[in-house]
Amino acid sequence: DAGVIQSPRHEVTEMGQEVTLRCKPISGHDYLFWYRQTMMRGLELLIYFNNNVPIDDSGMPEDRFSAKMPNASFSTLKIQPSEPRDSAVYFCASSFEPPLHLSGRGAGEETQYFGPGTRLLVL
Amino acid sequence: KQEVTQIPAALSVPEGENLVLNCSFTDSAIYNLQWFRQDPGKGLTSLLLIQSSQREQTSGRLNASLDKSSGRSTLYIAASQPGDSATYLCAVITGGSYIPTFGRGTSLIVHP
């Protein structure tokens, strides 16, 4: 498998424009996560899906952000309208089984596989 | 609200040294703590995960310990190599939240 695939790898846009980030999880994984990383706030979980259904979106910063997962092999994170403070690296991750913190089971092995990220710059 | 702090923020050492990276958290009611490695321009790779009931985990030259009562974890890297150069992040899952809280990371450079 090619791993988690994200596109585009880099995006430069102007304030007010719509931005769509894409993610293809590892085949067979039924959990998908969207993270944002900035110098100011570090790495933050935005939202995660199980079997294409959003489970927790409490990390989504505001209504300008939305995420969808229309099928098991594709997810999008959309920002409309974009603002300069949205500039960050956005990561997608997927896993085969529930993260240990959800299942309560102890596997001791990594369960989340991260994509390479999308570097977004909003001017 | 859980807060995770990593010290030092940056570290530069010669090859061969044994290293200790520190992670502290404010709320000791955690499910687990995980150490990740992030290479420049890349995503995160999980290194070690410690359940709240465990004291340490080992993988090759890496050893992670957990002292839940004092809110601390250390990542020990033995005989460091230039290939260990990366940013190391720790993340905790706090009971009830199911949302991971990440530290800002320690940027490590191991020079030949």
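Here's what I pulled together on the structure shown here.

Cut-offs used in this document
Along every chain, residues carry numbers that run from 1 in the direction the sequence is written. Each chain takes a letter, starting from A, and each ligand takes a number, starting from 1, following the order in which they are written. Residue-level local features of this predicted model are given only where pLDDT is at least 70; pairs of side-chain atoms are given and counted only at 80 or more, and the full residue set underlies all totals for whole chains, interfaces and linings. The side-chain quantities take in all heavy atoms of the structure and omit both hydrogens and water. Residues grouped as a nonpolar core are buried Ala, Val, Leu, Ile, Met, Phe, Trp, Tyr and Cys residues, joined through side-chain atoms within 4.5 Å. Throughout, exposure labels follow a simple rule: accessible area from a 1.4 Å probe, protein chains only, divided by the maximum for the residue type, with under 20% read as buried, over 50% as exposed, and the rest as partly exposed. Secondary structure is summarised from DSSP: a helix means a run of H or I of at least four residues, a strand means a run of E of at least two, and numbering begins at the N terminus for each. Contacts are residue-level and defined by heavy atoms, with any inter-residue pair within 4.5 Å sufficient. We place a 1 Å grid over just the protein atoms. Points where a 1.4 Å probe fits but has no way out form a cavity, open points with protein on both sides within 12 Å along at least 5 of 7 lines form a pocket, and any residue with an atom within 4 Å of a point lines it. Grid points are joined across faces, edges and corners, and a volume is the space filled by probe spheres set on the points. For this classification, the nonpolar set comprises Ala, Val, Leu, Ile, Met, Phe, Trp, Tyr, Cys and Pro, the charged set comprises Asp, Glu, Lys and Arg, and every other residue, Gly included, is treated as polar.

1. Considerations on the nonpolar core
Then comes step 1: Counting 22 residues, the largest nonpolar core has B:Phe25, B:Leu33, B:Trp35, B:Leu75, B:Ile77, B:Tyr88 and B:Leu108 as its most contacted members.
Then comes step 2: Among the secondary structure elements, those contributing two or more residues to this core are strand E3 (19-25), strand E4 (30-38), strand E5 (44-51), strand E7 (62-67), strand E8 (72-77), strand E9 (86-94) and strand E11 (106-111) of chain B.
Then comes step 3: Once residues within four sequence positions are removed from consideration, B:Leu33 is found in contact with B:Cys23, B:Phe25, B:Leu48, B:Leu49, B:Ile50, B:Leu66, B:Ser73, B:Cys90, B:Ala91 and B:Val92.
Then comes step 4: Counting 21 residues, the second-largest nonpolar core is a separate cluster that includes A:Val4, A:Trp34, A:Tyr90 and A:Cys92.

2. A look at the layout of surface pockets
Then comes step 1: Reported here for the largest pocket is a volume of approximately 640 Å³.
Then comes step 2: If you go around the largest pocket, you meet 22 residues; those closest to its centre are A:Arg41, A:Glu44, B:Lys1, B:Gln2 and B:Thr101.
Then comes step 3: In terms of residue count, the dominant contributor to the lining of the largest pocket is strand E5 (residues 42-50) of chain A (4 residues).
Then comes step 4: Class assignment for the residues of the lining of the largest pocket results in 8 nonpolar, 8 polar and 6 charged.
Then comes step 5: Estimated volume of the second largest pocket: approximately 470 Å³.
Then comes step 6: A:Gln37, A:Met39, B:Gln38, B:Thr87 and B:Arg104 are, among the 23 residues lining the second largest pocket, the residues nearest its centre.
Then comes step 7: Counting only elements with at least two residues in the lining of the second largest pocket, the list comes to strand E4 (31-38), E5 and strand E9 (88-95) of chain A together with E9 and E11 of chain B.

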